[in-house]
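A structural walkthrough
Spelled out, the chains give:
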Amino acid sequence: MAKIMIGEDAEKQLLKIPLSNNTISRRIDDISEDINNQLINSLRGKEFGIQLDEATDSHKDANLICYVRYVNENQLIEDLLFCKEIEGCTSGKEVFDIVNNFMAENDINWEDCVGVCTDGGRSMSGHYQGLI
């Protein structure tokens, strides 16, 4: 996450922090995975909307950020669904493939998606080849 958000130098600095037998690192990974699983399980079987945005980090790497909004127990929930690096070009197909693969890997049903919000960029909403 540090590499994506603030660059490789920050990632290298964080890697220098001594962790006792990687216990802390493993616990952080476990907590992160558990939080992700809770969010995914909360989404299943509910209608939801996603908001997508492309961002460029300090190394000019493109990232796709996906937020999700859904209702849980009469409360509107908004959460970060994922942040993935866009490795190829930032075409609508590439962006769609990233979102679609995430949905498939996590068994999230596209039919429950009731809305997609974007910033209107060409790769997101282009007339012939945009994500939408």
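Residues numbered from 1 in each chain as written. Predicted model: local features only at pLDDT ≥ 70, side-chain atom pairs only at ≥ 80, totals over all residues. Heavy atoms only, no water.

Counting secondary structure elements, the protein chain contains five helices and four strands. Each helix and strand of the protein chain, ordered N terminal to C terminal, gives the series α-α-α-β-β-β-α-β-α. Here the protein chain holds 132 residues, and the buried ones make up 26% of them. Long-range pairs, those at least 24 residues apart, make up 48% of the contacts in the protein chain between residues at least 6 apart in sequence. Summed over its atoms, the accessible surface of the protein chain is roughly 9,200 Å², and 48% of this surface lies on carbon and sulfur atoms. (Helix = DSSP H or I, 4+ residues; strand = E, 2+ residues; numbered from the N terminus. Buried < 20%, exposed > 50% of the residue type's maximum accessible area, 1.4 Å probe, protein only. Contact = heavy atoms within 4.5 Å. Areas by Shrake-Rupley, 256 points an atom, 1.4 Å probe, with all protein chains shown as cover.)

On to helix α3 (residues 23-43), then. Across its 21 residues, α3 extends 30 Å between first and last C-alpha, which sits within 8% of the 30 Å expected from 1.5 Å per residue. Among the residues of α3, those classed as buried are L39, I40 and L43. One face of α3 carries all of its buried residues, which in axial projection span an arc of 100 degrees. Away from the buried face of α3 by more than 90 degrees, exposed residues R27 and I31 are located. Just downstream of α3 lies G45, where phi reads positive at about 80 degrees. (Expected span 1.5 Å × (residues − 1). Arc of directions from axis to C-beta.)

Attention now goes to the nonpolar core. Among the nonpolar cores identified, the biggest contains 21 residues, and F48, I50, L64, V68, L81 and F82 are the most heavily contacted of them. Counting residues per element, the ones that place at least two in this core are α3, β1 (48-56), β2 (62-72), β3 (75-85) and α4 (92-105). With residues near it in sequence (within four places) discarded, V68 still touches L39, L43, F48, G49, I50, I77, E78, D79 and L81. (Core = buried A, V, L, I, M, F, W, Y, C linked by side-chain atoms within 4.5 Å.)

One open sheet accounts for four strands, arranged β3-β2-β1-β4; its pairing is mixed. Of all strands in the sheet, those bounded by a partner on one side alone are β3 and β4 (113-117). Averaged over all pairs of adjacent strands, the angle between strand axes in this sheet comes to 20 degrees, irrespective of strand direction. Against the sheet, α3 contacts β1, β2 and β3, and its axis sits at roughly 125 degrees relative to β3. Sheet strands in contact with α4 are β1, β2 and β3, and its direction is about 120 degrees off that of β3. (Pairing = 2+ DSSP bridges. Axes fitted to C-alpha atoms, helices over the stretch in contact; angles between N-to-C directions.)

With that settled, consider α4. Over its 14 residues, α4 extends 20 Å from the first C-alpha to the last, a length consistent with the 20 Å expected when each residue adds 1.5 Å. Taken together, the buried positions of α4 are occupied by G92, V95, I98, V99, F102 and M103. Take α4 and look down its axis: the buried residues cluster within an arc of 135 degrees, on one side only. Every exposed residue of α4 that faces more than 90 degrees away from the buried side is listed here: K93, A104 and E105. With its phi angle positive at about 50 degrees, D107 sits one or two positions after the end of α4.

With that out of the way, let us pick up the side chain of N63. Position of N63 relative to the elements: it lies in strand β2. Polar side-chain contacts of N63 include one of 3.4 Å to the backbone oxygen of D61. Beyond its immediate chain neighbours, meaning those up to four positions away, N63 contacts I4, D53, E54, A55, D57, C83, K84, E85 and I86. (Polar contact = N/O pair within 3.5 Å; in protein donor to acceptor, adjacent residues only side chain to side chain.)

It is worth spelling out a negative patch on the surface at this point. A cluster of like negative charges, contributed by D29, D30, E33 and D34, occupies part of the molecular surface. Assignment of secondary structure puts D34 in helix α3. Owing to a relative accessible area of 41%, D34 belongs among the partly exposed residues under this scheme. (Patch = residues over 30% accessible without salt bridge, like charges linked within 9 Å, V, L, I, M, F, W, Y side chains within 5 Å. Salt bridge = Lys/Arg side-chain N within 4 Å of Asp/Glu carboxyl O. Lys, Arg positive; Asp, Glu negative; His and termini not counted. Charge placed at Lys NZ, Arg CZ, Asp CG, Glu CD.)

Everything listed is a geometric property; what it means functionally is a separate question.
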